[in-house]
Amino acid sequence: MAITKPTIGSWPNLIAQWRLSGLTQAEFCARRNISLPTFRYHLYKSSRRSGSPRSGAETNSAATPLFLPVVCSPAPQPGLVPPSASPIEIILSDGLRVVVAPGFDPQTLRRVVDALRRPPC
């Protein structure tokens, strides 16, 4: 596997991208085929030049916009319930227990409750 050699001007941008990525230095470098020791050298060099580890990225981010990937999820379908939803459990005063699954039909539940409230035949 060949190691990528970023150009001199791209190091501040790469360091800013790493800070925004949430990845460890090793993960970031592995994903981009960058030498970890070289990355750390430029990170150290940029923080020494600016006086603080953060100010180099803040100065650069104003000059060079960073683009991050955006992932769009589909809109939830009406009537579909996430699989992690818990059932509703109703325990009546006489001990009768009704468990309603996620995604139930409210009209059907209303009819069942009405039927349960009726006096016995």
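The sections below set out a description of the structure shown in this document. Quick caveat: nothing in here was measured; it's all calculated off a predicted structure.

### Some words on unusual backbone geometry
In this structure, N33 is a non-glycine residue whose phi angle is positive, near 55 degrees. Looking at where N33 falls in the secondary structure, it is placed in the loop between α2 (25–32) and α3 (36–50).

### With respect to a nonpolar patch on the surface
Together, L96, V112 and L116 make up an exposed nonpolar region whose accessible area comes to about 210 Å². On the secondary structure map, V112 appears in helix α5 (residues 106–117). The partly exposed category is assigned to V112, whose relative accessible area is 37%.

### Comments concerning the nonpolar core
Side chains of a nonpolar character, in soluble globular proteins, are inclined to be buried together. Judged by nonpolar contacts, W11, L14, I15, W18, L23, F28, C29, I34, F39 and L43 together constitute the single largest core of 10 residues. It is helix α1 (residues 11–21) that contributes the most residues to this core, four residues altogether.

### Topic: the environment of H42
Position of H42 among the secondary structure elements: in helix α3. Sequence separation between H42 and W11 is 31 residues, and the spatial gap between their C-alpha atoms is 6.8 Å. Setting aside anything within four residues of it in sequence, one finds H42 in contact with W11 and I15.

### Observations regarding the packing of aromatic side chains
Think of a pair of aromatic rings as described by two things: how far the centres are apart, and how the planes are tilted against each other in angle. Counted according to the given criterion, the structure contains three aromatic pairs. Look at W18 and F39: their rings are 5.7 Å apart centre to centre, the planes differ by 75 degrees, and that puts the pair in the edge-to-face class. With W18 in helix α1 and F39 in helix α3, this residue pair connects regions lying 21 residues apart in the sequence. Under the relative-accessibility criterion, F39 is labelled buried at 0%. In this structure an aromatic cluster arises from ring pairing among W11, W18, F28 and F39.

### Considering the packing of α1 against α2
Across the interface, α1 lies against α2 with an axial gap of 10 Å and an inter-helix angle of 120 degrees. The angle between α1 and α2 falls in the class oblique. In this structure, α1 crosses over α2, and the sense of that crossing is right-handed. Of the residues in α2, those touching α1 at L14, Q17, W18 and S21 are Q25, F28 and R32. In terms of residue class, the contact of α1 with α2 is made up of three nonpolar, three polar and one charged.

Calculation criteria
- Residues numbered from 1 in each chain as written.
- Predicted model: local features only at pLDDT ≥ 70, side-chain atom pairs only at ≥ 80, totals over all residues.
- Heavy atoms only, no water.
- Helix = DSSP H or I, 4+ residues; strand = E, 2+ residues; numbered from the N terminus.
- Patch = residues over 30% accessible without salt bridge, like charges linked within 9 Å, V, L, I, M, F, W, Y side chains within 5 Å.
- Areas by Shrake-Rupley, 256 points an atom, 1.4 Å probe, with all protein chains shown as cover.
- Salt bridge = Lys/Arg side-chain N within 4 Å of Asp/Glu carboxyl O.
- Buried < 20%, exposed > 50% of the residue type's maximum accessible area, 1.4 Å probe, protein only.
- Core = buried A, V, L, I, M, F, W, Y, C linked by side-chain atoms within 4.5 Å.
- Contact = heavy atoms within 4.5 Å.
- Phe/Tyr/Trp six-rings, centres within 6.5 Å; stacked < 30°, edge-to-face > 60°.
- Axes fitted to C-alpha atoms, helices over the stretch in contact; angles between N-to-C directions.
- Parallel < 35°, antiparallel > 145°, perpendicular 65-115°, else oblique.
- Left-handed = near helix turned anticlockwise from the far one by under 90°.
- Nonpolar A, V, L, I, M, F, W, Y, C, P; charged D, E, K, R; others polar.

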